[in-house]
Amino acid sequence: MLPEQGAITPKLLGVYITEIMRPVITTMSKLLENNTAALEQLSSAQAVQNDRLEALEKQIRLYTPVSRKQVGYINDAIRERARALLEKYECADDKKAVNKLGNAIRRAVLARYGIAALAEIPKHEYSVALDQVGMWSNALTVRDIVKEARARETESQHSGEGA
């Protein structure tokens, strides 16, 4: 029952407004709490999904092999490196020496990745493999191959003289 109009005081008016608004504000507060919790769950689920997607992209990058064309470029680089190393000893024209040294360089590249063929090198490692080929140097292997090449050259000269 409402008091007469003149009897409503500002304090009493405040109490009435508070009592009328309390259920509305309580409901809105609960809604905001629920929305906040739902957004936190969504954010957490999104973070997990992003982590999984990132891991999947990394796996794809790791397991995507070089293309055939890139394998050809690596093989070309191996032959060029073998010729360059043998040129110092004037054996760059000996195909057997170039092939043998090229195979040694190839084995070093394959051993680095623990693979059986150049086509298995991960695509993202292509430039690293080329750098390894360009910097490959094993003095003992080169020396042994040069000795064999010179022995073949001497042998072919002696067999040519005997004919």
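One can find the structure itself at the top, above this paragraph.
A brief structural summary.

Within the chain one finds 5 helices and 0 strands. Along the chain, helices (α) and strands (β) appear in the sequence α-α-α-α-α when read from the amino end. Since a compact globule built from 163 residues should have a radius of gyration of about 15 Å, the 39 Å found for the chain marks it as more spread out than a globular shape. Once the C-alpha set of the chain is aligned to its principal axes, its extents read approximately 140 × 25 × 25 Å.

In this section: a nonpolar patch on the surface. A cluster of nonpolar side chains, namely Ile8, Leu13, Ile17, Ile20, Met21, Val24, Ile25 and Met28, defines an oily patch on the protein surface of about 730 Å² accessible area. Note on placement: Val24 falls in helix α1 (residues 10-63).

Ranked by size, the top nonpolar core spans 27 residues in total, and within it Ile74, Leu86, Leu101, Leu118 and Ile121 carry the most contacts. Of all the elements in the fold, those that place two or more residues in this core are α2 (68-87), α3 (95-113), α4 (126-135) and α5 (139-162). When residues in this core are grouped by element, the largest group, 8 residues, is from α3. The contact partners of Ile121, leaving out residues within four places of it in the chain, are Thr64, Pro65, Val66, Ile74, Val109, Tyr113, Ile115 and Ala129.

What follows deals with α3. With 19 residues, α3 extends 27 Å between its outermost C-alpha atoms, agreeing within 8% with the 27 Å of an ideal straight helix rising 1.5 Å per residue. All of the buried residues along α3 are Ala97, Val98, Leu101, Gly102, Ala104, Ile105, Val109, Leu110 and Tyr113. Sitting at the amino-terminal end of α3 is Asp94, which places a side-chain oxygen 3.0 Å from the backbone nitrogen of Lys96. Gly114 sits one or two positions beyond α3 and adopts a positive phi of about 65°.

Quick look at the packing of α3 against α4 now. Helix packing geometry: the angle between the two helix axes and the distance between the axes. Here α3 crosses α4 at 140°, and the two axes come no closer than 10 Å. In this view, α3 runs oblique relative to α4, as classed from their interaxial angle. Pair α3 / α4 crosses with right-handed handedness. Here α3 contributes Ile105, Ala108, Val109, Arg112 and Tyr113 to the contact with α4, which in turn contributes Val128, Ala129, Gln132 and Val133.

Going through the model one piece at a time under the given rule, you end up with 6 salt bridges. The salt bridge involving Asp76 is made with Arg79; its shortest N-O contact spans 2.5 Å. In this pair, Asp76 and Arg79 are both assigned in helix α2, 3 residues apart and thus about one turn of the helix distant. Overall, the relative accessible area of 36% leaves Asp76 in the partly exposed class. Note on Arg79: relative accessible area 33%, which makes it partly exposed. Between Arg83 and Glu80 there is a salt bridge; the shortest N-O distance is 3.1 Å. Of the two residues, Arg83 and Glu80 are both situated in helix α2; the distance of 3 residues between them amounts to about one turn of the helix. Overall, Arg83 belongs to the partly exposed group, its relative accessible area being 34%. Its relative accessible area of 49% is what places Glu80 among the partly exposed residues.

Running from N to C, α2 and α3 cross one another at 120°; their axes reach a closest spacing of 8 Å. When the axis of α2 is compared with that of α3, the two are oblique. In this structure, α2 meets α3 at a crossing whose hand is right-handed. Residues Asn75, Ile78, Arg79, Arg81, Ala82, Arg83, Leu85 and Leu86 of α2 lie in contact with α3, whose contacting residues are Ala97, Val98, Leu101, Gly102, Ile105 and Arg106. In terms of residue class, the contact of α2 with α3 is made up of 8 nonpolar, 2 polar and 4 charged.

About the thresholds
Residues numbered from 1 in each chain as written. Predicted model: local features only at pLDDT ≥ 70, side-chain atom pairs only at ≥ 80, totals over all residues. Heavy atoms only, no water. Helix = DSSP H or I, 4+ residues; strand = E, 2+ residues; numbered from the N terminus. Rg over C-alpha atoms; globule rule 2.2 N^0.38 Å. Patch = residues over 30% accessible without salt bridge, like charges linked within 9 Å, V, L, I, M, F, W, Y side chains within 5 Å. Areas by Shrake-Rupley, 256 points an atom, 1.4 Å probe, with all protein chains shown as cover. Salt bridge = Lys/Arg side-chain N within 4 Å of Asp/Glu carboxyl O. Core = buried A, V, L, I, M, F, W, Y, C linked by side-chain atoms within 4.5 Å. Buried < 20%, exposed > 50% of the residue type's maximum accessible area, 1.4 Å probe, protein only. Contact = heavy atoms within 4.5 Å. Expected span 1.5 Å × (residues − 1). Polar contact = N/O pair within 3.5 Å; in protein donor to acceptor, adjacent residues only side chain to side chain. Axes fitted to C-alpha atoms, helices over the stretch in contact; angles between N-to-C directions. Parallel < 35°, antiparallel > 145°, perpendicular 65-115°, else oblique. Left-handed = near helix turned anticlockwise from the far one by under 90°. Nonpolar A, V, L, I, M, F, W, Y, C, P; charged D, E, K, R; others polar.

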